[in-house]
Amino acid sequence: MKLDVSFFRIVSTVFLLTAVLSVSAQRVYEPKFYVGVKGGASLSMMSFSPSVKQSFGPGVLGGVTVRYTEEKIFGLMAELYFVQRGWKENFNEEGQPPLGLNYQRTLTYVTLPVMTHIYFGNDRIHGFVNIGPSVSYMISESTSSNFDYHNPGDVPEFPGTYRPVEQLVMPVKNKFDYGLSAGLGAELFFGKNSIMIEGRYYFGLGGIYPGSKKDIFSASRPMSIEISAAYMFRIK
């Protein structure tokens, strides 16, 4: 009899735990859908091969963003925005006074990243990670310089040591670019809306110039660091 009672208690406990877990598993996280506007700044360089001495070139960015979450810590995020990438040449020689030469190439893209949104925190503030592929199309390019970059050999201050100069005048051949984006940030909620701040790194896998063995550059990939703020409106 004691054995029967013990067995009944064990079976009852297992049944109760199973019921609780079943009810918990059926709880569905409330889906949330946000749209927003974003703006910020970019710092860009190029991955050239052979290498070109550079420093980060500044730019701006702005556009729209949408986000959908249906799981507790995961969601999807897509954006459509313009961003200025490119590079700024560094003509200074190590151990020598600055030469005062300036050259910056600005490439303006419309870009579409589609990313996994991983977040953590509470109802008031979230930390998050965004990561995913991105495609871009260049809509314009411009060059600013304080010397005749079409004839660098005629510039007295131009560095005498060997450095590639073809990139100073070469037009972009490949306007389409694709790559990977990864970002870290924080989001502050108030009511149904929020403010999101993010730092993001983009690495292009394409190239602005042809990259065959007969071409001047075997690699010419855009890279950028993007700092942005977004105001998000909850629609659902």
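Treat the numbers as computed from the prediction; the structure is a model and nothing was measured.

**Details of the overall build of the chain**
- When helices and strands are tallied, the chain shows one helix and nine strands.
- The contacts in the chain between residues at least 6 apart in sequence include a share of 72% that link residues at least 24 apart.
- Carbon together with sulfur atoms contributes 65% to the accessible area of the chain, which is approximately 13600 Å² in total.

**Focus: the pattern of salt bridges**
- What the rule picks out here adds up to six salt bridges.
- With a shortest N-O distance of 2.8 Å, glutamate 79 and arginine 200 are connected by a salt bridge. Taken as a pair, glutamate 79 in strand 4 (residues 74-89) and arginine 200 in strand 8 (residues 193-204) lie far apart in primary sequence, 121 residues in all. For the pair glutamate 79 and arginine 200, one class covers both residues: buried.
- Linked by salt bridges that have partners in common, Lys38, Glu79, Glu198 and Arg200 make up one network.

**What about the side chain of histidine 126?**
- Turning to its location among the elements, histidine 126 is positioned in strand 6 (residues 125-145).
- Histidine 126 gets classed as buried once you look at its relative accessible area, which sits at 14%.
- Looking at histidine 126, its side chain comes within polar contact range of the main-chain oxygen of asparagine 122, at 3.1 Å.
- Dropping the residues within four chain positions of it, histidine 126 is found in contact with Tyr119, Phe120, Gly121, Gly185, Ala186, Glu187 and Phe189.

**Side note on the pairing of strand 1 (residues 32-49)**
- Sheet topology note: the strand 1/strand 3 (residues 57-69) ladder contains 13 bridges and is antiparallel. Across the sheet, residue serine 44 finds its bridge partner in strand 3, namely glycine 57.
- Pairing of strand 1 with strand 9 (residues 219-234), which is carried by 16 bridges, proceeds in the antiparallel orientation. Looking at the pairing, alanine 41 lines up with isoleucine 227 of strand 9.

**Some points on empty space enclosed by the protein**
- This model, assessed by the stated rule, comprises three cavities of 30 Å³ or more.
- Quantified by volume, the largest cavity comes out at close to 70 Å³.
- As for the largest cavity, its lining consists of ten residues, and the residues nearest its centre are Arg67, Thr69, Tyr119, His126 and Phe189.
- Of all elements in the fold, only strand 1, strand 3, strand 5 (103-121) and strand 7 (176-190) reach the threshold of two or more residues within the lining of the largest cavity.
- Considering only residue class, the lining of the largest cavity consists of four nonpolar, three polar and three charged.

**Quick notes on the confidence of the model for the chain**
- Model confidence for the chain is summarised by a mean pLDDT of 86, while 85% of its residues fall at 70 or above.
- Across residues 1-5, confidence stays below pLDDT 50; counting only partners more than four residues off in sequence or on other chains, it has zero contacts.
- A low-confidence stretch, residues 14-27 stays under pLDDT 50, and its non-local contacts, those more than four residues away or across chains, total zero contacts.

**Comments concerning the pairing of strand 8**
- Summarising the sheet, strand 7 and strand 8 pair through twelve bridges and their orientation is antiparallel. Paired with glutamate 187 across the strands is methionine 196, a residue of strand 8.
- Between strand 7 and the antiparallel strand that follows it, strand 8, lie two residues; glycine 191 among them carries a positive phi value of about 65 degrees.
- The pairing of strand 8 with strand 9 spans ten bridges and is antiparallel. From the neighbouring strand, glycine 199 faces strand 9, where its bridge partner is isoleucine 227.

**A closer look at the nonpolar core**
- Core analysis: the largest hydrophobic core is formed by 23 residues, its most contacted members being Phe48, Trp87, Tyr103, Phe147, Ile208 and Tyr209.
- Tyr34, Phe128, Phe189 and Met232 belong to the second largest nonpolar core, which has eight residues in total.

**As for the packing of aromatic side chains**
- Overall, the coordinates contain eleven aromatic pairs when judged by the stated rule.
- The interplanar angle of 25 degrees and the centroid separation of 5.9 Å between the aromatic rings of tyrosine 209 and phenylalanine 217 together place this pair among those described as stacked.
- Linked through ring pairs, Phe48, Trp87, Tyr103, Tyr149, Tyr209 and Phe217 together constitute an aromatic cluster.
- One residue, arginine 85, lies across the ring of tyrosine 202, its end atom 3.9 Å from the ring centre.

**Quick look at unusual backbone geometry**
- Cis peptide bonds are those with omega within 30 degrees of zero, and the linkage from serine 49 to proline 50 qualifies with 0 degrees.
- Turning to its location among the elements, proline 50 is positioned in the loop between strand 1 and strand 2 (54-55).

Reading the values: rules and limits
Residues numbered from 1 in each chain as written. Predicted model: local features only at pLDDT ≥ 70, side-chain atom pairs only at ≥ 80, totals over all residues. Heavy atoms only, no water. Helix = DSSP H or I, 4+ residues; strand = E, 2+ residues; numbered from the N terminus. Contact = heavy atoms within 4.5 Å. Areas by Shrake-Rupley, 256 points an atom, 1.4 Å probe, with all protein chains shown as cover. Salt bridge = Lys/Arg side-chain N within 4 Å of Asp/Glu carboxyl O. Buried < 20%, exposed > 50% of the residue type's maximum accessible area, 1.4 Å probe, protein only. Polar contact = N/O pair within 3.5 Å; in protein donor to acceptor, adjacent residues only side chain to side chain. Pairing = 2+ DSSP bridges. 1 Å grid on protein atoms, 1.4 Å probe; cavity = no way out; pocket = protein on both sides within 12 Å on 5 of 7 lines; lining within 4 Å. Points joined across faces, edges and corners; volume = space filled by probe spheres on them. Nonpolar A, V, L, I, M, F, W, Y, C, P; charged D, E, K, R; others polar. pLDDT = per-residue confidence, 0-100. Core = buried A, V, L, I, M, F, W, Y, C linked by side-chain atoms within 4.5 Å. Phe/Tyr/Trp six-rings, centres within 6.5 Å; stacked < 30°, edge-to-face > 60°. Lys NZ or Arg CZ within 6 Å of the ring centre and 35° of its normal.

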